[in-house]
Amino acid sequence: MDKNLHIVVVGAGMGGLATALALAKKGFTNISVFETASNLGFVGAGIQLAPNMARILDRLGCWKDIEAEAVDIKTTSIRQGSTDGELGNVDLRYIRETYGYPHMVGHRSSLAGSLYEGCKKEKAITVHFSTAALGVESWGPKPILKVQPRNGEAYTVEADILLAADGLKSVVRDQMLKDLNINAKVMDTEQAAYRIMLKREEMAHDPELLELIDADRVIRWIGEKRHIIAYPVSNKQIYNLSTTQVDKNFASAPSATYTTKGDKSVMLATFGDFCPMIHRMLSLVPDGEVCEWKLRVHSPLPTWVHGSVALVGDSCHPTLPHLAQGAAQAIEDAAVLGVVLSRCPDSSPESINKALQVYQKVRKERAEMLVELAAASGRALHLGDGAAKAERDKQFALLKEKKGTVPDKWADADVQKQIYGHDCMKVAEESFDELFASV
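Attention here is on the structure that accompanies the text.

Criteria and cut-off values
Residues numbered from 1 in each chain as written. Predicted model: local features only at pLDDT ≥ 70, side-chain atom pairs only at ≥ 80, totals over all residues. Heavy atoms only, no water. Helix = DSSP H or I, 4+ residues; strand = E, 2+ residues; numbered from the N terminus. Buried < 20%, exposed > 50% of the residue type's maximum accessible area, 1.4 Å probe, protein only. Contact = heavy atoms within 4.5 Å. Areas by Shrake-Rupley, 256 points an atom, 1.4 Å probe, with all protein chains shown as cover. Axes fitted to C-alpha atoms, helices over the stretch in contact; angles between N-to-C directions. Parallel < 35°, antiparallel > 145°, perpendicular 65-115°, else oblique. Nonpolar A, V, L, I, M, F, W, Y, C, P; charged D, E, K, R; others polar. Pairing = 2+ DSSP bridges. Disulfide = S-S within 2.5 Å. Bend = angle between axes of the 7 residues up to and from the residue. Right-handed = clockwise from strand over helix to strand, strands pointing away.

## Quick notes on the overall build of the chain
In step 1: When its secondary structure is counted, the chain shows 15 helices and 20 strands.
In step 2: Seen through its principal axes, the chain has C-alpha atoms that stretch 60 × 45 × 40 Å.
In step 3: Classification of the 439 residues of the chain by burial places 56% in the buried group.
In step 4: Residue pairs in contact within the chain that sit at least 24 positions apart in sequence constitute 74% of those at least 6 positions apart.
In step 5: Surface accessibility of the chain: about 17800 Å² in total, with carbon and sulfur atoms responsible for 50%.

## Quick notes on the environment of Asp206
In step 1: Looking at the secondary structure, you find Asp206 in the loop between α7 (200-203) and α8 (207-214).
In step 2: The buried category is assigned to Asp206, whose relative accessible area is 9%.
In step 3: Separated by 71 residues in sequence, Asp206 and Met277 have C-alpha atoms that sit 9.5 Å apart.

## With respect to the packing of α8 against helix α10 (residues 276-283)
In step 1: The interhelical angle for the contact between α8 and α10, taken along N-to-C directions, is 80 degrees, at an axis separation of 10 Å. Accordingly, the angle class assigned to the pair α8 and α10 is roughly perpendicular. The segment α8 lies against α10, with Glu208, Leu209 and Leu212 engaging Met277, Arg280 and Met281.
In step 2: Classifying every residue of the contact of α8 with α10 by side-chain character gives four nonpolar, no polar and two charged.

## Some words on the sheet that holds strand β7 (residues 104-107)
In step 1: Read across the sheet, three strands follow the order β3-β7-β4 without closing on themselves; strand pairing throughout is antiparallel. Only two strands of the sheet have a single partner each, and these edge strands are β3 (46-49) and β4 (71-72).
In step 2: Where β4 meets β7, two bridges bridge the pair, whose relative direction is antiparallel. Paired with Val71 across the strands is Val105, a residue of β7.

## Concerning the state of the cysteines
In step 1: Inspection of the entire model under this criterion finds zero disulfides.
In step 2: With no disulfide partner, Cys119 has as its closest neighbouring cysteine sulfur the one in Cys62, 8.1 Å distant.
In step 3: The class of Cys119 is buried, set by a relative accessible area of 1%.
In step 4: For the unlinked cysteine Cys424, the closest cysteine sulfur is that of Cys316, found at 14 Å.
In step 5: A relative accessible area of 2% places Cys424 in the buried class.

## Quick word on the sheet that holds strand β6 (residues 86-91)
In step 1: One open sheet holds the eight strands; their spatial order is β6-β5-β14-β15-β16-β13-β18-β17, and the pairing between them is mixed. Of all strands in the sheet, those bounded by a partner on one side alone are β6 and β17 (259-261). Strand after strand, the sheet turns through a mean of 20 degrees between neighbouring axes, direction not considered.
In step 2: Strand direction decides the pairing type here: strand β14 (residues 217-223) and strand β15 (residues 226-233), joined by five bridges, are antiparallel. Residue pairing for β15: Gly223 is matched across the bridge by Arg226.
In step 3: Across the sheet, α10 lies against β13 (186-199), β14, β15 and β16 (238-246), angled at about 110 degrees from β14, the strand it touches most.

## Some thoughts on the pairing of β16
In step 1: For β16, the tally of buried residues reaches eight of nine residues, placing the bulk of the element in the interior.
In step 2: Relative to β16, β13 runs antiparallel, the two sharing seven bridges. When the sheet's bridge partners are listed, Leu198 is paired in β16 with Tyr239.
In step 3: Sheet topology note: the β15/β16 ladder contains seven bridges and is antiparallel. What sits directly across from Tyr231, in β16, is Asn240.
In step 4: Connecting β15 to the next strand, β16, in antiparallel fashion are four residues, including Ser234 with a positive phi near 50 degrees.

## Things to note about helix α15 (residues 424-438)
In step 1: At Phe432, α15 shows its largest bend, some 60 degrees.
In step 2: Where α15 is concerned, the buried positions are Cys424, Met425, Ala428, Ser431, Phe432, Leu435 and Phe436.

## A closer look at the pairing of strand β1 (residues 7-10)
In step 1: Of the two faces of β1, the one lined by Ile7 and Val9 and the one lined by Val8 and Val10 are each fully buried.
In step 2: Across four bridges, the pairing between β1 and strand β12 (residues 161-164) is parallel. When the sheet's bridge partners are listed, Ile7 is paired in β12 with Ile161.
In step 3: Note that β1 and strand β2 (residues 31-34) share four bridges and pair parallel. Opposite Val10, over in β2, you have Phe34 as the bridge partner.
In step 4: Read from β1 through helix α1 (residues 14-25) to β2, the crossover connection turns out right-handed.

Interpretation note: all reported values are geometric properties and have no functional meaning in isolation.
See below:
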């Protein structure tokens, strides 16, 4: 494989930056990243830093900076939203010893910033901000991408390999599906999310709230068709809350609308039957700073690969947030692409296509399994009164006797083993020759 061939990455989100960095670390010298936004501009929000993500970030050389300001989570507590009564508690201290990395939580901008700093240190990587991908002009043998700078004329870019990490609203994916005559669409989950960050000083007057931000703990408060997950980030200077609830505000909005300014009174009413402490917390959100996100996914795709073009991250496996694996799975994609392209025996379009098919074989089944598991976990958490909820709460109760599975799949030891114990780079290395020969 010629390491000087031109690799084009569309999108400078977590998946795009990690892909560029993974390829540079494998010795590729000519990597162009095109990003519509004028800068990284990550909206302030917390992110869970699971061991399967940390392992890759460490190999890419950007874990230490992230770890320095992240919070090492020791326990997770699942509570009834209406009473704050604990349904289950899971000790997470075993994770570091078992998987080599802890389960930490951090600030999304810290993760993105560290990946970008890593990219900036690599001469091989050029990031073109304020430059939107308009579409693929030709699929091969060498893909040609048309791009539009914000202040300039559109132009075309020829690539040897094109990797589309342009998210749920991926232009490249939509065009690829059309070209392959595949009918698969973005799907409405009928759910939305508020993302809230409270500063330590805003909580300091309230001893109950101060106890929350001081604890090395993730809490999930659950109720019918909604929940709140919360944890401290940024060396416990910020308390991050993320909610999931029935979508009422996007239903009549254009399908392109994914975020909206929320109404604080509506947010408070959505969690109206949750306990007083949660009300005090939500009341701290400034009136003009309530933001609501539409939660959408995509129907599974029959393929992620077309010639020398492959999809990455949310462009091919967007997920609900209930397993906290969205960014981690995009970063796993990036790591595997680094492995398979570096192992590709030559630079012919035929071999590149085969290497990309190996990427798909290593990643697709796992990513789609975790998408479905996240959806199933959400369904279990959002049960209303009835037999199913009673059975779920019985399972939570058994946790106190160290028995049974956890209905909140993110906190279940068997699920953690499946997710955190998987070394995608090792799998790709060990299976490459056999898979490459079989495609």
